[in-house]
Amino acid sequence: QVQLVESGGGLVQAGGSLRLSCAASGRPFSRSNMAWFRQAPGKEREFVAAITWWSGASPRYADSMKGRFTISRDNAKSTAYLQMNNLKPEDTAVYHCAADSRNLRLGVLISDYEYWGQGTQVTVSS
């Protein structure tokens, strides 16, 4: 059993930056792949980024976010992060972190991940 709690969301002007955090507890965080998804008003939840539990592998990003967003993790602190730069109004959404303790590959589907946080709101104004 894994519990995830996101933080770091808020209101930011277009072009600004935010760093989201996801604190994990329960099953060893160091053996779970981690991901971020987002859900904008009136839209389905979409994949943002994912990172493996082992070092050396390349993180995976949605094409529209690569270059602006960076996923990272600190296994000693059981925390994953999403650094978001050059934010745009279309980035406005509830951002959720997710954990996958079953698979080696980095999934991009909601069904690939077992555990989910409640989400943190990110609002970008123009």
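Below or above, wherever it landed, is the structure these notes cover. (Residues numbered from 1 in each chain as written. Predicted model: local features only at pLDDT ≥ 70, side-chain atom pairs only at ≥ 80, totals over all residues. Heavy atoms only, no water.)

What to know about the pattern of salt bridges
- Following the criterion strictly, the structure yields six salt bridges and no others.
- Note that Glu 46 is salt-bridged to Arg 38, the shortest N-O span being 2.7 Å.
- Classification of Glu 46 as partly exposed rests on a relative accessible area of 35%.
- We classify Arg 38 as buried; its relative accessible area is 8%.
- Two residues, Arg 102 and Glu 114, come together in a salt bridge whose shortest N-O distance is 3.7 Å. Within this pair, whereas Arg 102 is found in the loop between β9 (93-100) and β10 (115-116), its partner Glu 114 is found in the loop between β9 and β10, the two being separated by twelve residues in sequence.
- Residue Arg 102 is classed as exposed on the basis of its relative accessible area of 51%. (Salt bridge = Lys/Arg side-chain N within 4 Å of Asp/Glu carboxyl O. Buried < 20%, exposed > 50% of the residue type's maximum accessible area, 1.4 Å probe, protein only. Helix = DSSP H or I, 4+ residues; strand = E, 2+ residues; numbered from the N terminus.)

With respect to the packing of aromatic side chains
- Under the counting rule described, the total for this entry stands at four aromatic pairs.
- Consider the rings of Phe 37 and Tyr 113, whose centres lie 5.6 Å apart with planes at 75°: the pair is edge-to-face. Residue Phe 37 is located in strand β4 (residues 33-39), and its partner Tyr 113 is located in the loop between β9 and β10; the two are separated by 76 residues in the primary sequence.
- Judged by relative accessible area, Tyr 113 falls into the buried class, the value being 5%.
- One aromatic cluster is present, formed by Phe 37, Phe 47, Tyr 113 and Trp 116 through successive ring pairs.
- One cation-aromatic arrangement involves Arg 31 over Trp 53; the distance from NZ or CZ to the ring centre is 4.3 Å.
- The positively charged end of Arg 45 is found above the aromatic ring belonging to Trp 116, 5.1 Å away from the centroid. (Phe/Tyr/Trp six-rings, centres within 6.5 Å; stacked < 30°, edge-to-face > 60°. Lys NZ or Arg CZ within 6 Å of the ring centre and 35° of its normal.)

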